[in-house]
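What follows is each chain in one-letter form.
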Amino acid sequence: MAAPSHRRVTRKTLRQPDQFVSAVDRIGDWVASNLTRLAFGILALVAVIAIVLGFSFYAQQRRLTASEHFYKALHALSDKDYRTAEKDFARLASHYSGSKLGRLAKFYLGNTYLADQQPSKARDALRQYLTESNHRLFRQMALVQLAVASEDLGDYAQAHSAYANAASLNGPEKERAEIGVARTLLQLGDRRGAIAAYQRFLRDNPFARERDEATEALAQMGVAAQQPPEVDSSVGTKPSNPK
């Protein structure tokens, strides 16, 4: 049996650094020669992180402040403190114009002006809101309020257009908009069109709250309101079997 061979370690081999030690030395040399650039790089990274965190904190605080002002203005509006509500909504619309609350403040500012019997200012605020926001639900409400303001100002053509646009949208103000379309047709002198619109409203909306207004308007024009067809209770019932 052959004797196992042993690798002889020479003094030269012992004096040679291994790969790990060599890599560490190279990294140390690179760091030493690029220490200034590394320091500036670290400082720049820290500055960027600080800016991002600062901006995030500022944006959050700004949103919180806007929310506080918005609900304060809503509370003033519900209390019919129109002067305070107008001031707060106007400040929100001006200082936070790029935010959702800032745009929504213009809608509520228009409503506040309308409640305060200032239809001209209401119309301006609502027009501005409609040019900046396309939220379907609030857009329909803004169109109806714009139509009301225009009616109060005697601009029946503008009111009819706004009501018609609102009636074309699905939402909680659709029936109110449809009755507004009929009313403004009569205000514009289109009696035949108004009668047709009122009758169509009564036919399509048998349970609407505005039915009384439509019926009364037709009566004033000497037209009888068409009653909705009665549902035959016998339809769909099974005939009794004769004994």
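As the structure is a prediction and not an experimental result, all values here were calculated from the model.

Peer 1: Now, about the packing of helix 8 (residues 156–167) against helix 9 (residues 174–187): what can you tell me, with residues and values included?
Peer 2: For the pair helix 8 and helix 9, the least separation of the axes is 8 Å and the interaxial angle reads 150 degrees. With respect to helix 9, the element helix 8 is oriented roughly antiparallel. In the packing of helix 8 onto helix 9, the handedness of the crossing is left-handed. Facing helix 8, whose interface residues are Tyr 156, Ala 159, His 160, Tyr 163, Ala 164, Ala 166 and Ala 167, helix 9 presents Lys 174, Arg 176, Ala 177, Glu 178, Gly 180, Val 181, Arg 183, Thr 184, Leu 185 and Gln 187.

Peer 1: Talk me through the packing of helix 6 (residues 119–132) against helix 7 (residues 136–152); I want residue IDs and the actual numbers.
Peer 2: The angle between the axes and the distance between the axes are what describe a pair of packed helices. Their axes nearest at 9 Å, the elements helix 6 and helix 7 cross at an angle of 150 degrees. Considered as vectors, helix 6 and helix 7 are oriented roughly antiparallel to each other. Where helix 6 crosses over helix 7, the handedness of that crossing is left-handed. Between helix 6 and helix 7, the contacting residues are Pro 119, Ala 122, Arg 123, Leu 126, Arg 127, Tyr 129 and Leu 130 on the first element and Phe 138, Arg 139, Ala 142, Leu 143, Gln 145, Leu 146, Ala 149, Ser 150 and Asp 152 on the second. Among the residues making up the contact of helix 6 with helix 7, the classes are represented as ten nonpolar, two polar and four charged.

Peer 1: Which residues make up the confidence of the model for the protein chain, and what values go with them?
Peer 2: For the protein chain, the mean per-residue pLDDT works out to 79, and 65% of the residues sit at or above 70. Across the protein chain, element-level confidence peaks in helix 8 with a mean pLDDT of 97 and bottoms out in helix 1 (residues 11–15) with 49. Note that residues 55–59 has pLDDT below 50 and, in this model, zero contacts with residues that lie over four places away or in other chains. Long-range and interchain partners of residues 231–240, a stretch whose pLDDT sits below 50, account for zero contacts in this model, where long-range means more than four residues apart.

Peer 1: Let's hear about the pattern of salt bridges: which residues, and what values?
Peer 2: Overall, the coordinates contain nine salt bridges when judged by the stated rule. Between Glu 132 and Lys 106 there is a salt bridge, with the nearest N and O atoms lying 2.6 Å from each other. On the criterion of sequence distance, the pair formed by Glu 132 in helix 6 and Lys 106 in helix 5 (residues 100–115) is long-range, its members being 26 residues apart. Arg 123 is paired through a salt bridge with Asp 155; the nearest N and O atoms lie 3.2 Å apart. A residue pair is termed long-range when its members are at least 10 positions apart, and Arg 123 in helix 6 and Asp 155 in the loop between helix 7 and helix 8 qualify at 32 residues. Several salt bridges converge on common partners, so that one network encompasses Arg 83, Glu 86 and Asp 116.

Definitions and cut-offs
Residues numbered from 1 in each chain as written. Predicted model: local features only at pLDDT ≥ 70, side-chain atom pairs only at ≥ 80, totals over all residues. Heavy atoms only, no water. Axes fitted to C-alpha atoms, helices over the stretch in contact; angles between N-to-C directions. Helix = DSSP H or I, 4+ residues; strand = E, 2+ residues; numbered from the N terminus. Parallel < 35°, antiparallel > 145°, perpendicular 65-115°, else oblique. Left-handed = near helix turned anticlockwise from the far one by under 90°. Contact = heavy atoms within 4.5 Å. Nonpolar A, V, L, I, M, F, W, Y, C, P; charged D, E, K, R; others polar. pLDDT = per-residue confidence, 0-100. Salt bridge = Lys/Arg side-chain N within 4 Å of Asp/Glu carboxyl O.

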